[in-house]
Amino acid sequence: CALSHMCCMTPMALLEPVCLTCMPADYLKKVVVRGLASSNTPVRSIMTPQESLAVLTPQHSVLECMDLMVKYNVRHVPVMESNHMAGVVSMKDVVKVLLDDQRHEIDSLKSYLYNSW
């Protein structure tokens, strides 16, 4: 993934057994602010190692994910399973689930109200 697309993507480098990720904040802090050139700065040199990442497992709830995103001020969280990256949860994914839940609750309340009269 090209660095120019980092605002919308979270490129990953899987290096057994370590997973590294390069977030937009990494790029801004470690390349732009330091005046380095994107063309000759290896992504590996600006990536955040797994032990410094906020990570989830597939067993975490959406609420736990949202809490982690707020706590660490991140918009993307890697999902790890058996020391391998299973995926990435984005803020957009969380918002979609919350909106779907709200819509379902509103529809249930409407149904209850209309059917109780």
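Just so you know, the residues in each chain are numbered from 1, in the order the chain's sequence is written. It should be noted that, the model being predicted, local features are given only for residues of pLDDT at least 70 and side-chain atom pairs only at 80 or more, the latter also being counted only at that level, while totals for whole chains, interfaces and linings use all residues. Side-chain figures throughout are based on the complete set of non-hydrogen atoms in the structure, without hydrogens or water.

### Some words on the overall build of the protein chain
Then, in step 1: A tally of helices and strands in the protein chain yields three helices and five strands.
Then, in step 2: Order of helices (α) and strands (β) in the protein chain, N terminus to C terminus: β-β-α-β-α-β-β-α.
Then, in step 3: For the protein chain, buried positions account for 27% of its 117 residues.
Then, in step 4: Residues are treated as being in contact if the distance between any of their heavy atoms lies within 4.5 Å. Restricting the contact set of the protein chain to residue pairs at least 6 apart, pairs at least 24 apart contribute 38%.
Then, in step 5: With an accessible surface of roughly 8300 Å², the protein chain has 59% of that area assigned to carbon and sulfur atoms. Note on conventions: DSSP H or I runs of at least 4 residues are helices, E runs of at least 2 residues are strands, and numbering of each starts at the N terminus. Burial classification: accessible surface area is computed with a 1.4 Å probe over protein chains only, and a residue below 20% of its type maximum counts as buried, one above 50% as exposed, and the rest as partly exposed. Reported accessibility uses the Shrake-Rupley method at a 1.4 Å probe radius. Residues are deemed covered only where the shown protein chains occlude them.

### Comments concerning helix H2 (residues 62-72)
Then, in step 1: For H2, the full list of buried residues reads Cys65, Leu68 and Met69. Each buried residue of H2 lies within a common arc of 100 degrees when the element is viewed along its axis, so the set occupies one face. Relative to its buried face, H2 has exposed residues pointing more than 90 degrees away, namely Leu63, Asp67, Val70 and Lys71.
Then, in step 2: In the stretch just after H2, Asn73 is the one whose phi turns positive, near 55 degrees. Directions from the helix axis toward the C-beta atoms define the arc.

### A word on the nonpolar core
Then, in step 1: Residues grouped as a nonpolar core are buried Ala, Val, Leu, Ile, Met, Phe, Trp, Tyr and Cys residues, joined through side-chain atoms within 4.5 Å. Formed by Ala54, Leu56, Cys65, Leu68, Met69, Val77, Val79 and Val94, the largest nonpolar core amounts to eight residues.
Then, in step 2: Counting only elements with at least two residues in this core, the list comes to H2 and strand E4 (76-81).
Then, in step 3: Among the elements that line this core, the one with the most residues is H2, at three residues.

### Structural notes on a nonpolar patch on the surface
Then, in step 1: Patch membership needs two things, relative accessible area over 30% and no salt bridge, and members are linked within 9 Å if like-charged or within 5 Å if nonpolar (Val, Leu, Ile, Met, Phe, Trp, Tyr). Should a side-chain nitrogen of Lys or Arg be within 4 Å of a carboxyl oxygen of Asp or Glu, the pair is scored as a salt bridge. The grouping of Val62, Val97 and Leu98 at the surface amounts to a nonpolar patch, some 170 Å² of accessible area in total.
Then, in step 2: Checked against the element boundaries, Val97 lands in helix H3 (residues 91-116).
Then, in step 3: Here Val97 falls in the partly exposed class, since its relative accessible area comes to 33%.

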